[in-house]
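Take a look at the letters that make up each chain.
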Amino acid sequence: MKVLVIGGMHGNEKLGISLVESLQKNPIPGVDALIANPRAVDVSHRFVDTDLNRSFGDGASQGYESQRASELTAVVADYDVVLDFHNTMTPNNNCSFIGPDLKPELLGVSASLGLSRCIRATYDCINRWCSNVVSIEISVDDELDAVPVWRERIRQLVAGRRVSTEVKVYVFVGRCTWEQKEMLRSDDWRPFEQIDVREQTALGYGEPLYPIFVGSKFTEYYATLLREYTEEL
C-alpha cells in the first residue's frame, strides 16, 4: 500500500503539521508526507486567500488556494490511500471523512485507524473530488492528538493490519449558524448526540440530527449537522 500523509490543509491545525514534519525527518517505508498549504502554515492562519479544503473543484477562483488544490489533486492521484489530518477545538469530535461514494476500502482504513465514526462528505472538499482520501479530524488535547499515536497506527496500516471495528456512517446535511443557535437558546449540544426534536424542527429538518464541530473556534458556524446513513453500502 502506497500512502500519502497530508498536514496543514488548514495552517492553524497542528497535529497534521507536526506529523508531516516527523515523517519527513524519520520516514516510515511506503509513506510519503507533505504540507498541503505551506503559506498558511508559515503564518499559522487557517488559509491565505480562501479555505483550501473548499477550493477543490473550484474552477472560478484564481487565488493561491485554488491553484494549490489543483496541484494537490494531481499529487494524490498517485497513491492508494491519502490521510489528510485536521484538528478541531470541539471535545469528543474524533472521526473520519470520505467521499460520497463511500468506498468500502476507505471505511476499512477508518476502522483500521481506530476511527469508528465516518462522515460521508457531499459538499466541496478534498474527499468529494479525490476519492482515495480519508480526512481525519482529531480534537485538540485528546489522547489521539499525538504524533506517536499516528505514526504507530500508520505503520500498522501499511503493514496490512486490519481490525474489525464497526464504523458508523453519517451524512452531512447542513450547518447551524451562530444566529440560529441564539434563536434556539440551547447550549447542551454534544458531538454525535442527537439534538432535541424541537430544535431539529425549528431548523427545518424532519429527521434526527447529530451535530459535530460544536462551537469550534476553527469554523464560522456554531455546528455542522449530520444524519445517520441508512442506505445499503
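The model shown is predicted, which means the values in this text are computed figures rather than measured ones.

Parameters and conventions
- Every residue gets a number counted from 1 within its own chain, in the order that chain's sequence is written.
- Given that the model is predicted, a residue must reach a pLDDT of at least 70 before its local features are reported, and side-chain atom pairs must reach 80 or more before they are shown or counted; all residues, however, enter totals for whole chains, interfaces and linings.
- Here the side-chain values reflect all heavy atoms present in the structure, with hydrogen atoms and water set aside.
- In this description a helix means any DSSP run of H or I spanning at least four residues, a strand means any run of E spanning at least two, and both kinds are numbered starting from the N terminus.
- Here the expected length of a helix is defined as 1.5 Å per residue gap, with one fewer gap than residues.
- Think of it in three bands: with a 1.4 Å probe and only protein chains considered, a residue is buried below 20% of the maximum accessible area for its type, exposed above 50%, and partly exposed in between.
- Between two residues, a contact is recorded if the distance between any of their heavy atoms is within 4.5 Å.
- Two aromatic rings, drawn from Phe, Tyr or Trp (for Trp, its six-membered ring), form a pair once their centres lie within 6.5 Å of each other, and the interplanar angle then sorts them: stacked below 30 degrees, edge-to-face above 60, tilted otherwise.
- In this analysis the charged atom, NZ for Lys or CZ for Arg, is taken to sit over a ring once it is within 6 Å of the ring centre and within 35 degrees of the ring normal.
- In this analysis, strands are considered paired if DSSP registers two or more bridges between them.
- Geometry is summarised by axes, namely lines fitted to C-alpha atoms with helices restricted to the contacting stretch, and by angles between N-to-C directions that run from 0 to 180 degrees.
- Among the buried residues, those of types Ala, Val, Leu, Ile, Met, Phe, Trp, Tyr and Cys that are joined through side-chain atoms within 4.5 Å form a nonpolar core.

Student: Help me understand helix H1 (residues 14–25) in this model?
Tutor: Two residues of an α-helix separated by three or four positions point the same way, owing to the 3.6 residues in each turn. With twelve residues, H1 should reach 16 Å at 1.5 Å per residue; the first-to-last C-alpha distance of 17 Å fits that figure. Among the residues making up H1, those that are buried are Leu15, Gly16, Ile17, Leu19, Val20, Ser22 and Leu23. Taken together, the buried residues of H1 touch strand E1 (3–7), strand E2 (31–35), helix H2 (38–43), strand E3 (81–88), strand E6 (133–139) and helix H6 (147–158).

Student: Hey, could you run me through the packing of aromatic side chains in this one?
Tutor: Aromatic rings in a pair are described by how distant their centres are and how their planes are angled relative to each other. Counted under the stated rule, the structure contains seven aromatic pairs. Ring centres 5.5 Å apart and planes at 45 degrees place the aromatic pair Trp189 and Tyr222 in the tilted group. In this pair, Trp189 sits in the loop between helix H7 (178–184) and helix H8 (197–202) while Tyr222 sits in the loop between strand E8 (210–212) and strand E9 (223–228), placing the two residues 33 residues apart along the sequence. For Tyr222, a relative accessible area of 6% translates into the label buried. Taken together, the ring pairs connect Tyr170, Phe192 and Tyr210 into an aromatic cluster. In this structure, Lys2 is placed above the aromatic ring of Tyr79, and the distance from its NZ or CZ to the ring centre is 4.9 Å.

Student: Explain the sheet that holds E8 here, please?
Tutor: Each strand in a sheet pairs with another by means of backbone hydrogen bonds, the pair being arranged parallel or else antiparallel. On the basis of which strands lie adjacent, the open sheet formed by nine strands has the order E2-E1-E3-E6-E4-E5-E7-E9-E8 and mixed pairing. Looking along the sheet, the strands with just one partner apiece sit at the ends: E2 and E8. Taken pair by pair, the neighbouring strands of this sheet meet at an average axis angle of 30 degrees, ignoring direction. As defined by bridge partners, strand E5 (residues 117–120) adjoins strand E7 (residues 168–176) across four bridges and the pair is classed as parallel. Paired with Arg120 across the bridge in E7 is Val171. Here helix H3 (residues 64–76) sits on the sheet and contacts E1, E2 and E3; the angle it forms with E2, its principal contact strand, is near 180 degrees.

Student: Is there a simple way to think about the environment of Tyr79 in this case?
Tutor: Topologically, Tyr79 is positioned in the loop between H3 and E3. The buried category is assigned to Tyr79, whose relative accessible area is 13%. Each C-alpha atom of the pair Tyr79 and Val31 lies 9.6 Å from the other, and the pair is 48 residues apart in sequence. Among residues more than four places away in sequence, those in contact with Tyr79 are Lys2, Val3, Leu4, Asp32 and Asn132.

Student: Explanation requested: the nonpolar core in the structure shown.
Tutor: Side chains of nonpolar character tend, in soluble globular proteins, to be buried together. Grouped together as the largest cluster of nonpolar side chains are 36 residues, with contacts concentrated most on Val5, Leu83, Phe85, Ile136 and Trp150. Among the secondary structure elements, those contributing two or more residues to this core are E1, H1, E2, E3, helix H4 (104–112), E6, H6 and E7. Of the residues forming this core, the biggest block, five residues, is contributed by H1. Look past the residues within four positions of Ile136 in its chain and what remains in contact with it is Leu83, Asp84, Phe85, His86, Cys95, Leu113, Leu115 and Trp150. Of all hydrophobic cores here, the second largest spans 15 residues; its members include Leu4, Leu72, Tyr79 and Val133.

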